[in-house]
Amino acid sequence: MRADIAQLKTDIEQSIELLRRRLDWEPSEHRLAELNALAETPSFWDDPQKAQSLMQERSRLESAFEAIKSLQTDLTDNVELAELAEMDDDAEMQDAAAAALIAVKSKADKAELEALLSGEADANDCFVEIHPGAGGTEAQDWAEMVLRMYSRWANSRGMKVDVIEHEYGDGAGIKSATIKVKGENAFGWLKTESGVHRLVRISPFDSSAKRHTSFASVWVYPEIDDTIEIDINESDCRVDTYRASGAGGQHVNKTDSAVRITHEPTGIVVQCQNDRSQHKNRAQAWDMLRARLYEKELQEREEAAQAQADNKSDIGWGHQIRSYVLQPYQMVKDLRTGVETSDTSGVLDGKLDEFMAAALSARVSVDSDS
């Protein structure tokens, strides 16, 4: 067998094996059989919301099984074609088999990427909180650049961005912002972006044109629905109202419609000011708090699993995950995966898929090793 065909065969086999492990083949087969049996019971649709959730789970499992079986069939057929071509010394048929296997490899790569987005809440919409680090205007300007970067990324994928909370900085930038990203697998893609983002540049606010280092913190957590129960003792929470900030002029809010909730046992703070109605902002803030507490539980589970792995990488809140260097050279480097690029303007305009995919792969690798 030609060397290139043999290598393609090996690569595709490795992808199929990886996909099988991520799917957890045998338990997933049992779960799919269980869901099929449930769907045939007369009372299945008595609870439409639960039934819909179970049907979505069934659909995801069926798609995962079909993708792996399809890859295996395509691999087997084209390897047999290559072997037949070798026996007949048919170079043209060998080239056709190699081209077909390249297409199968591309299909396998896509299936691997989609398999990364199969976590408990990956399909959900999500909230993205952004806060500047110490440094006044310089850091606040960087935080606004980060906000723009994620908004551009979401828009490039056809996702919708709603501004939940936005506090303007002193002269430039932002003191804080929260956006809601709505779209397919929004949380799955964005979940690895939580952490500290570091910028190195010549400051536009420094008349002596010195190089400055700024930090911004990003926190991503999924929106959760009513099927996920999160118990909150309201006596553990402090609710404050305040006047929503604005750029000035006739649109400045003259009432205390913005709402901030502090969950004292955990120190989690959420705030909402996107509506003129305090009642609506309050309801949204409670939903955000439930989502933050749920995300905290997911993160604790993940950290417990990672603690068992020798190659654990820190990805949590308070840890630097990526550096964006604009001077003296141009480079963006992810400190967890080693992925880097000199296309700094592209990254700041939202070209983040390469970084996200690598971080997702690293996270799944840790989970598998543990």
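For the structure, see preceding data.
The following refers to the structure shown. Computed from a prediction, not measured in an experiment: that's the story for all the values here.

## Side note on the overall build of the protein
Okay, step 1: Counting its regular elements, the protein contains nine helices and 11 strands.
Okay, step 2: Expressed as a percentage of its 370 residues, the buried residues of the protein come to 44%.
Okay, step 3: If you take every contact in the protein between residues at least 6 apart in sequence, the share linking residues at least 24 apart comes to 64%.
Okay, step 4: Total accessible area on the protein is roughly 19000 Å²; 46% of this is exposed by carbon and sulfur atoms.

## What about the environment of Arg 276?
Okay, step 1: Counting through the fold element by element, Arg 276 comes out in the loop between strand 8 (268-272) and helix 7 (278-306).
Okay, step 2: Taking C-alpha positions, Arg 276 is 7.9 Å from Ala 258, a pair spaced 18 residues apart along the chain.

## So, unusual backbone geometry
Okay, step 1: Between Gln 327 and Pro 328 the backbone carries a cis peptide bond, its omega angle lying at 5°.
Okay, step 2: Among the secondary structure elements, Pro 328 is positioned in the loop between strand 9 (320-325) and strand 10 (331-334).
Okay, step 3: If you check the backbone angles, Asp 24 has positive phi at about 60° while not being a glycine.
Okay, step 4: Along the chain, Asp 24 falls in the loop between helix 1 (3-23) and helix 2 (25-39).
Okay, step 5: At Asp 89, a residue that is not glycine, the phi angle is positive and equals roughly 55°.

## Quick look at the side chain of Asp 334
Okay, step 1: For Asp 334, the location among the structural elements is in strand 10.
Okay, step 2: Relative accessible area serves as the criterion here: at 0%, Asp 334 is assigned to the buried category.
Okay, step 3: Here the side chain of Asp 334 touches Thr 337 through a polar contact of 3.3 Å, landing on its backbone nitrogen.
Okay, step 4: What Asp 334 contacts, discounting residues up to four positions off in sequence, is Ile 321, Arg 322, Val 339 and Phe 355.

## Details of the packing of helix 1 against helix 4 (residues 91-115)
Okay, step 1: Two elements in contact, helix 1 and helix 4, have axes separated by 9 Å at closest approach and are oriented at 25°. Compared by their axis directions, helix 1 and helix 4 come out roughly parallel. Where helix 1 crosses over helix 4, the two elements pack in a sense that is left-handed. Contacts from Asp 4, Ile 5, Leu 8, Asp 11, Ile 12, Ser 15, Leu 18, Leu 19 and Arg 22 of helix 1 reach helix 4 at Gln 94, Ala 98, Leu 101, Ile 102, Val 104, Lys 105, Ala 108, Asp 109, Ala 111, Glu 112 and Ala 115.
Okay, step 2: Each residue belonging to the contact of helix 1 with helix 4 can be placed in one class, and the counts come to 12 nonpolar, two polar and six charged.

## Let's talk about the packing of helix 1 against helix 3 (residues 48-87)
Okay, step 1: At a minimum axis distance of 11 Å, the contact between helix 1 and helix 3 shows a crossing angle of 160°. Judged by the inter-axis angle, helix 1 sits roughly antiparallel to helix 3. Between helix 1 and helix 3 lies a crossing of left-handed hand. Two secondary-structure elements touch here, helix 1 through Ile 5, Lys 9, Ile 12, Glu 13, Ile 16, Leu 19, Arg 20 and Leu 23 and helix 3 through Leu 61, Ala 64, Phe 65, Ile 68, Leu 71, Gln 72, Leu 75, Val 79 and Ala 82.

## What about the nonpolar core?
Okay, step 1: Counting 58 residues, the largest nonpolar core has Val 128, Ile 130, Tyr 150, Val 181 and Leu 190 as its most contacted members.
Okay, step 2: Inspection of this core shows a minimum of three residues originating in each of domain 2 (126-225 + 315-368) and domain 3 (234-307).
Okay, step 3: Among all residues touching Val 128, those that are not within four sequence positions of it are Ala 177, Thr 178, Ile 179, Val 181, Leu 190, Val 218, Trp 219 and Val 220.
Okay, step 4: Judged by nonpolar contacts, the second largest core, of 26 residues, contains Leu 61, Leu 71, Leu 101 and Ala 111.

Thresholds, definitions, all that
- Once a new chain begins, its residue numbering starts again from 1 and follows that chain's sequence as written.
- The model is predicted, so local features are restricted to residues of pLDDT at least 70 and side-chain atom pairs to those at 80 or more, both for listing and for counting; the totals for chains, interfaces and linings are taken over all residues.
- Only hydrogens and water are removed before side-chain values are computed, so all heavy atoms of the structure are retained for them.
- Elements are defined by DSSP. Helices are runs of H or I of four residues or more, strands are runs of E of two residues or more, and each kind is numbered from the N terminus.
- Exposure is judged per residue with a 1.4 Å probe applied to protein chains only, and the accessible area is read against the type maximum: over 50% gives exposed, under 20% gives buried, and values in between give partly exposed.
- The criterion used for residue contact is that any of the two residues' heavy atoms lie within 4.5 Å.
- Areas reported here follow the Shrake-Rupley algorithm with a probe of radius 1.4 Å; residue values treat only the protein chains shown as occluding.
- Definition of a polar contact: a pair of N or O atoms within 3.5 Å, with one able to donate and the other able to accept a hydrogen when the atoms are protein atoms, and with sequence-neighbouring residues admitted only if both atoms are side-chain atoms.
- Throughout, an axis means a line fitted to C-alpha atoms (over the contacting stretch in the case of helices), and angles, computed between N-to-C directions, take values from 0 to 180 degrees.
- Any angle that falls under 35 degrees is termed roughly parallel, while one over 145 is termed roughly antiparallel, one within 65 to 115 roughly perpendicular, and all others oblique.
- Note: crossing handedness is left-handed where the near helix turns anticlockwise from the far helix by less than a right angle, and right-handed where it turns clockwise.
- Ten residue types, Ala, Val, Leu, Ile, Met, Phe, Trp, Tyr, Cys and Pro, are classed as nonpolar, four, Asp, Glu, Lys and Arg, as charged, and the remainder, Gly among them, as polar.
- The set of buried Ala, Val, Leu, Ile, Met, Phe, Trp, Tyr and Cys residues whose side-chain atoms join them within 4.5 Å is what this entry labels a nonpolar core.
- Source of the domain bounds: an automatic or database domain assignment.

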